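# Chains, contacts and geometry: an overview
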Amino acid sequence: MNDYERLLRQDSRNESRIFWCEIGIVLFVGALVVAYVMIT
Amino acid sequence: MESDNERAMADALTIFCLGLVLLGMVPTAASFAQFVLVGAHGIWNHYARCRDHTPRVAFVLPAWNEADVLGASIDSLMAIDYPAGAWRIYVVDDASTDHTPEVMQEKVAQYPGSVFHLRREKGGQGKAHTLNHGIAIILEESWAEAVMIMDADVLFEPVTLRRMTRHLADPRIGGVTAYVKEGSYPGSLLSRFIAFEYITAQAAARRAQNVMGGLACMAGGAQLHTRENLIAIGGAIDTSTLAEDTFTTFKTQLAGRRVLFEPNAIVWAEEPDSITALWKQRVRWGRGNLQISSAFLDLWFRPWKNNLLGDLAFGVLWFSVAAMPLFMLAGSIGLVGLYLLWTPLALKAFAWTWGATFVSYLFQTLFSFAIDPAEAKRSWFEGLAFPGLLSIGVMMLALLKPFDSLTWAHTDYWSWADLLALIVLGWTAISTAAAWVIYRLDKAGVSKWLRDPLLVLFGYGPLLCAIACGAIVAELRRSDLKWDKTVKSGKVRMPGQ
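As the structure is a computational prediction, the values presented were derived from the model and not from experiment.

We now examine the overall build of chain B. Across its full length, chain B carries 19 helices and eight strands. On C-alpha atoms alone, chain B measures out to a radius of gyration of 24 Å, which is about the 23 Å that the 2.2 N^0.38 rule sets for 497 residues. For the C-alpha atoms alone, the extent of chain B along its principal axes is close to 85 × 55 × 40 Å. Looking at chain B as a whole, 58% of its 497 residues are labelled buried. Considering only residue pairs separated by 6 or more positions, chain B has 83% of its internal contacts joining residues 24 or more positions apart. A total of about 21000 Å² of accessible surface is found on chain B, and carbon and sulfur atoms cover 63% of it. Taking the average place of the 43 positive charges on the side chains of chain B and the average place of its 45 negative ones, the gap between the two points comes to 3 Å.

Set out below in structure tokens:
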């Protein structure tokens, strides 16, 4: 793998990481909202 | 009959106030929706079309009295990882009166054949004119295949240019912009607020715009164009507005080429270190955006004229930033008006709107930390305090609804509770006004020991809203279109330096 491919792979991985972070945060915030609605 | 009329009038006013409340939520909803799109950049991005492409690139640096920062910028550019001889630096010296010519003489000798000093004997016309002087000379020669428009203080990381040029292998791409990060060292509360703002306004928002198919603005600090694109948009930068970078972005897309944000290509810049300097810079940006709104008046919300710039979602996003204070003011007036007309409904609307604002704040703040963890490590506190600690308190009031159990509902007699309620309901407008007062205090020279705690209490977000308000007022009053340069002192550092 040359430098160009390594850089591209690294950046694609960073974008995937952000995608999965978003899923996690949406689930976390969503769970907080559901819990709040149930409590109130 | 008369009471029927009065009731009808009250109903109409109530509906009108509810409409204002909804209007007030537009910026929050637009920014939330934009953030939701960010993750999709992991799936819909341009990487599949990238190739190992290294065209000959001419960097154009406009410089007016930049002796303090120019040497470091040129050194950082000469140290980039790019094929030897495939990049040149053209510094356009806008009749500087400091030591810029001496610095350039030294750098031209140090990097012969790579660094060029273009001197304008009559300057002071602004960045766009200075850039055009350099672009005209570059386009006269056939050497450059791409042109990088940037600021004199910007530092490039070694692989930033490679990360940008790989997109130009796709002939549909006209321009690529980088992620401009705040790099002042040592930092201050204000510089960390700006650093966090740039995660949301660049790293997040521009990823979402990539997914949507086009950008609102390619950052003027690092704007890479293909030669063909520059020629297609007239071979020059627009000089009629204060937002030449945004104008160029619009023109590129209207000419049929795509523009991209490359989030992993990072450059470092020095941003204003006082609220007064920030106000000056951002009023210029805000006025520029308003001028663009007016210059492209026949495009907005008309997808049949241009499927990106005329798109409904793009228009809503654009105006939720350009006209943010108007939306915020509408929201505050709506809630206060409802309180006077129908108190229980006002309290319900308050709980819903501020509750939704809290959800949006929580999601965007946590996600911003995840998008740029390195920056979040430095500016996590500023991220949390972005809307202001008092605004977070108002969000808590909306969530905990303490007023539900109180008997301070609107009565015939005004009380302190009414006054408190009105302050809470009109908080958006009040915090914006307070941010303006903080700006005036900063301008009057108060100590940062007073200014900084006030900024944390009232928030950086309200300050941006106040600045947008200032831009609208300046534009309406048709104040001088002066190009106020942000003073740079050379304190920007790249990590590891």
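After that view, the rundown keeps rolling.
Residue and element names in this part refer to chain B. Going through the model one piece at a time under the given rule, you end up with 27 aromatic pairs over all chains. Between Phe 247 and Phe 296, the aromatic rings sit 5.3 Å apart at their centres with planes inclined by 50 degrees, giving tilted as the arrangement. Remark: Phe 296 occurs in the loop between α10 (275–295) and α11 (312–322) and Phe 247 occurs in helix α9 (residues 244–254); sequence separation between them is 49 residues. Take Phe 247: its relative accessible area is 11%, and that puts it in the buried class. Put simply, the rings of Phe 247, Phe 250, Phe 296, Trp 300, Phe 301, Phe 314, Trp 318 and Phe 319 touch in pairs and so form one group of aromatic residues. In this arrangement the basic side chain of Arg 88 is found over the ring face of Trp 143, its NZ or CZ atom lying 4.1 Å from the centre. Across the ring face of Trp 449, the terminal group of Lys 448 is positioned such that the distance to the ring centre comes to 5.1 Å.

Now for the interface of chain B and chain A. Accessible area lost on assembly of the parts is the figure often given for the size of an interface. Each side of the interface is counted separately: chain B has 31 residues, and chain A has 21 residues. Counting the surface lost from both chain B and chain A, the interface buries some 2100 Å², and carbon and sulfur atoms represent 64% of this. On inspection of chain B and its partner chain A, the count reaches three salt bridges. We note a salt bridge from Glu 15 of chain A to Arg 207 of chain B, for which the minimum N-O separation is 2.8 Å.

Here we come to the nonpolar core. Nonpolar side chains in soluble globular proteins tend to end up buried together. Residue and element names in this part refer to chain B. If you look at the biggest cluster of nonpolar residues, it comprises 73 residues, and the most contacted ones within it are Phe 350, Trp 354, Phe 367, Ile 371, Tyr 460 and Leu 463. Residue-level mapping places this core at the junction of two domains, with at least three residues from each of domain 1 (13–45 + 275–497) and domain 2 (46–274). Apart from residues lying up to four places away in sequence, Leu 463 is in contact with Ile 275, Leu 278, Trp 279, Ala 435 and Leu 455. In terms of nonpolar packing, the next biggest core, distinct from the first, is built from 39 residues, Ala 67, Tyr 111, Phe 156 and Ala 178 among them.

What follows deals with the pattern of salt bridges. Residue and element names in this part refer to chain B. Summed over all chains, the structure comprises 25 salt bridges over all chains. Across the salt bridge formed by Arg 120 and Asp 94, the nearest N and O atoms sit 2.9 Å from each other. Highlighted residues: Arg 120 in strand β3 (residues 115–120) and Asp 94 in strand β2 (residues 87–94), separated in sequence by 26 residues. For the residue pair Arg 120 and Asp 94, the accessibility class agrees, reading buried in each case.

Another point: the side chain of Asn 14 of chain A. With respect to the helices and strands, the residue Asn 14 of chain A is situated in helix α1 (residues 3–39). Residue Asn 14 of chain A is classed as buried on the basis of its relative accessible area, which comes to 19%.

This part is about the sheet that holds β3 of chain B. Residue and element names in this part refer to chain B. Within the open sheet, the eight strands sit side by side as β3-β2-β1-β4-β7-β6-β8-β5. Their pairing is mixed. With one partner strand each, in any of the chains shown, β3 and β5 (155–156) form the two edges of the open sheet. One ladder, built from five bridges, connects strand β4 (residues 146–150) with strand β7 (residues 222–226); its direction is antiparallel. Note on β7: the bridge partner recorded for Met 148 is Leu 224.

Let us now look at the pairing of strand β8 (residues 258–269) of chain B. Residues and elements named next belong to chain B. For β8, the tally of buried residues reaches 11 of 12 residues, placing the bulk of the element in the interior. For β5 and β8, the ladder comprises two bridges, and the chain directions are antiparallel. Among the inter-strand pairings, Leu 155 is bridged to a residue of β8, identified as Trp 268. When strand β6 (residues 173–182) meets β8, the two strands line up parallel, connected through nine bridges. Across the sheet, residue Val 180 finds its bridge partner in β8, namely Val 267.

A separate point is unusual backbone geometry. Residues and elements named next belong to chain B. Note that the residue after Tyr 185, namely Pro 186, is joined by a cis bond; omega there is 0 degrees. Summarising the element assignment, Pro 186 is placed in the loop between β6 and α7 (189–212). One non-glycine residue with positive phi stands out, namely Asn 65, at about 55 degrees. For Asn 65, the location among the structural elements is in the loop between β1 (57–63) and α3 (67–78). Within the chain, Phe 301 stands out as a residue other than glycine whose phi angle is a positive 55 degrees. Structurally, Phe 301 can be placed in the loop between α10 and α11.

As a further point, take the pairing of β4 of chain B. Residues and elements named next belong to chain B. Counting buried positions over the five residues of β4 gives five, a clear majority of the element. The alternating pattern of β4 places Ala 146, Met 148 and Met 150 on one face and Val 147 and Ile 149 on the opposite face, and all of these are buried. Of the pairings in the sheet, the one linking β1 to β4 comprises four bridges and is parallel in character. Across the sheet, Phe 59 pairs through a bridge with Met 148, a residue of β4.

All names here are of chain B. Annotation of chain B at the domain level lists domain 1 (13–45 + 275–497) and domain 2 (46–274). Contacts between domain 1 and domain 2 engage 67 residues on the former and 63 residues on the latter. Of the roughly 5900 Å² buried between domain 1 and domain 2 on both sides combined, carbon and sulfur atoms contribute 70%. Connecting domain 1 to domain 2 are five salt bridges. We note a salt bridge from Glu 182 to Arg 378, for which the minimum N-O separation is 3.9 Å. Counting every contact that joins domain 1 to domain 2 gives 14 residue pairs in polar contact (both at pLDDT 80 or more). Mapped onto the side of domain 1 that touches domain 2, the elements with two or more residues apiece are α2 (26–38), α10, α11, α13 (343–371), α14 (373–384), α18 (448–458) and α19 (460–476). Broken down by element, the side of domain 1 that touches domain 2 gets its largest block of residues, 14 residues, from α10. A class-by-class count of the residues in the side of domain 1 that touches domain 2 yields 35 nonpolar, 17 polar and 15 charged.

Conventions adopted
- Residues numbered from 1 in each chain as written.
- Chains lettered and ligands numbered in written order.
- Predicted model: local features only at pLDDT ≥ 70, side-chain atom pairs only at ≥ 80, totals over all residues.
- Heavy atoms only, no water.
- Helix = DSSP H or I, 4+ residues; strand = E, 2+ residues; numbered from the N terminus.
- Rg over C-alpha atoms; globule rule 2.2 N^0.38 Å.
- Buried < 20%, exposed > 50% of the residue type's maximum accessible area, 1.4 Å probe, protein only.
- Contact = heavy atoms within 4.5 Å.
- Areas by Shrake-Rupley, 256 points an atom, 1.4 Å probe, with all protein chains shown as cover.
- Lys, Arg positive; Asp, Glu negative; His and termini not counted.
- Charge placed at Lys NZ, Arg CZ, Asp CG, Glu CD.
- Phe/Tyr/Trp six-rings, centres within 6.5 Å; stacked < 30°, edge-to-face > 60°.
- Lys NZ or Arg CZ within 6 Å of the ring centre and 35° of its normal.
- Buried area = accessible area lost by both parts, 1.4 Å probe.
- Salt bridge = Lys/Arg side-chain N within 4 Å of Asp/Glu carboxyl O.
- Core = buried A, V, L, I, M, F, W, Y, C linked by side-chain atoms within 4.5 Å.
- Domains from an automatic or database assignment.
- Pairing = 2+ DSSP bridges.
- Polar contact = N/O pair within 3.5 Å; in protein donor to acceptor, adjacent residues only side chain to side chain.
- Nonpolar A, V, L, I, M, F, W, Y, C, P; charged D, E, K, R; others polar.

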